[in-house]
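# Coordinate analysis (summary)
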Amino acid sequence: AQSVTQPDIHITVSEGASLELRCNYSYGATPYLFWYVQSPGQGLQLLLKYFSGDTLVQGIKGFEAEFKRSQSSFNLRKPSVHWSDAAEYFCAVVPNRDDKIIFGKGTRLHILP
Amino acid sequence: NAGVMQNPRHLVRRRGQEARLRCSPMKGHSHVYWYRQLPEEGLKFMVYLQKENIIDESGMPKERFSAEFPKEGPSILRIQQVVRGDSAAYFCASSPGQFSYEQYFGPGTRLTVT
């Protein structure tokens, strides 16, 4: 079945450490890809998106993501996390232009001081 | 340009009551989507509306749930005779056109059924 998979439900990193959150999808071709962040009790904020072109995408708050077609992955990275990055992160996919957006189940990021 | 507005932000209802959730899209946006987020889950699509039309309601429960987007005023998600399982965060998104990849999300309404 077509899906968006975020294999890590929880991730804990120390403040200042690097971060990588994984996202895999099972749709063919090149879908539209997104990462959103949700702070507790808040709505979704778009971090970055990939439609086409350069496979390394820069986003807000120092985040970047790399689209790897061969691995059907769109992993989110940050070189040095801050305590304020503690939140839930959702990967999302629009398989084709006319399709609905589909969300992964999210990865909750915890930051150790 | 104000973002997508949702109200109320928090709503408490007793079992059997009705819940009405409102969503005002961004200015110039005529397409609205509703999503439900259960604990430990991502957002699940419920319904897609344009002004005065329901385009896709494939994610809506068959009973008790309805949605509208009138010519004037906000979009309304209505849940009749709420049950505990309806407790969730409900998010609205709007877009300027028919493509969901152009969506902007509101802050959500957190519904608690007691």
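Use the structure listed above.
Residues numbered from 1 in each chain as written. Chains lettered and ligands numbered in written order. Predicted model: local features only at pLDDT ≥ 70, side-chain atom pairs only at ≥ 80, totals over all residues. Heavy atoms only, no water.

### Here we look at the state of the cysteines
Following the criterion strictly, the structure yields two disulfides over all chains and no others. In this model, C23 of chain A is linked to C91 of chain A through a disulfide, with the two sulfur atoms separated by 1.9 Å. Taking the sign of the S-S torsion, about -65° here, the bridge from C23 of chain A to C91 of chain A comes out left-handed. In this pair, C23 of chain A is assigned in the loop between strand 3 (19-21) and strand 4 (24-25) and C91 of chain A in strand 10 (residues 87-94), connecting sequence segments 68 residues apart. The side chain of C23 of chain B participates in a disulfide bridge whose partner is C92 of chain B; the two sulfur atoms lie 1.7 Å from each other. Residue C23 of chain B is found in strand 3 (residues 19-24), and its partner C92 of chain B is found in strand 9 (residues 88-95); the two are separated by 69 residues along the sequence. The same class applies to C23 of chain B as to C92 of chain B, namely buried. (Disulfide = S-S within 2.5 Å. Helix = DSSP H or I, 4+ residues; strand = E, 2+ residues; numbered from the N terminus. Buried < 20%, exposed > 50% of the residue type's maximum accessible area, 1.4 Å probe, protein only.)

### Focus on the environment of T5 of chain A
Residue and element names in this part refer to chain A. Counting through the fold element by element, T5 comes out in strand 1 (residues 4-5). Residues T5 and G106, 101 residues apart in the sequence, show an inter-C-alpha distance of 8.6 Å. Dropping the residues within four chain positions of it, T5 is found in contact with R22, C23 and N24. (Contact = heavy atoms within 4.5 Å.)

### Details of the interface of chain A and chain B
Listed as interface residues are 19 residues of chain A and, on the opposing side, 20 residues of chain B. At the boundary of chain A and chain B, one finds one salt bridge. The salt bridge involving D56 of chain B is made with K100 of chain A; its shortest N-O contact spans 2.9 Å. Linking chain A with chain B are three residue pairs in polar contact (both at pLDDT 80 or more), by the criterion used here. Among the elements of the structure, strand 5 (32-38) and strand 10 of chain A are those that each provide at least two residues to the side of chain A that touches chain B. Looking at the side of chain A that touches chain B residue by residue, the class counts come to nine nonpolar, five polar and five charged. (Salt bridge = Lys/Arg side-chain N within 4 Å of Asp/Glu carboxyl O. Polar contact = N/O pair within 3.5 Å; in protein donor to acceptor, adjacent residues only side chain to side chain. Nonpolar A, V, L, I, M, F, W, Y, C, P; charged D, E, K, R; others polar.)

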